[in-house]
Every structure is written in structure tokens, then in C-alpha cells.
Amino acid sequence: MTDETDTLDALGLLCPLPVLKARKRLKSLPAGGVLRLLADDPAAIIDVPHFCTEAGHTLISQDSVDGHQIYLIRKSV
């Protein structure tokens, strides 16, 4: 695994764009890389965990700060 972390700012984007952009960004990360996803779409609370489960990625954490969510996603190996 790697400690490489990338940040994707999806603030202001509505469903399904945060998940679609996360999928695209994760493709460019090495296996085990971590994506920090910022989103404020209310549907992301459901969509991001579901995407991780379906794609086999690990949702490390999910937090809310200042009106938006921060997700840490570890790319599957």
C-alpha cells in the first residue's frame, strides 16, 4: 500500500458528478492510494459509501465540516 493522497474538490457539484469524478480520479491513483473527496451534495452521503462498496474501494472515513462532507477513500488493490 501507499500513503499517496490526492484531493478532489467536488463542492458545488450535484449528483452524480461527485461520484463520477471520484471514480475517474481513483483510476489515476496507484493501488492503495487515498483520495480525499470534498462534497456538499446531500446525495453524496448515500452515493459515496455505495460507490465504494460496489467498486471494492475502502471508505476510510466520512466527516461533516462547515456544511460539507469529507470522505477518505482507499483505492482497492
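This text goes with the structure placed above it.
Small disclaimer: the values here were computed from a predicted structure and weren't measured. (Residues numbered from 1 in each chain as written. Predicted model: local features only at pLDDT ≥ 70, side-chain atom pairs only at ≥ 80, totals over all residues. Heavy atoms only, no water.)

(A) Representation of the pairing of strand S1 (residues 5–10) within the structure. Pairing between S1 and strand S2 (residues 34–39): six bridges, direction parallel. Looking across to S2, one finds that leucine 8 is bridged to leucine 37. Assessed by its sense of winding, the connection that carries the chain from S1 through helix H1 (residues 17–28) to S2 is right-handed. (Pairing = 2+ DSSP bridges. Helix = DSSP H or I, 4+ residues; strand = E, 2+ residues; numbered from the N terminus. Right-handed = clockwise from strand over helix to strand, strands pointing away.)

(B) Looking closely at the sheet that holds S1. Spatially, S1-S2-S4-S3 is the arrangement adopted by the four strands of the open sheet, whose pairing is mixed. The sheet is open, and its two borders are formed by S1 and strand S3 (58–65), each paired with just one other strand. Going across the sheet, the axis of each strand differs from the next one's by a mean of 15 degrees, ignoring polarity. This element, H1, spans S1, S2 and strand S4 (68–74) of the sheet and lies at about 155 degrees to S1. Packed on one face of the sheet, helix H2 (residues 44–55) meets S2, S3 and S4 and runs near 0 degrees to S4. (Axes fitted to C-alpha atoms, helices over the stretch in contact; angles between N-to-C directions. Contact = heavy atoms within 4.5 Å.)

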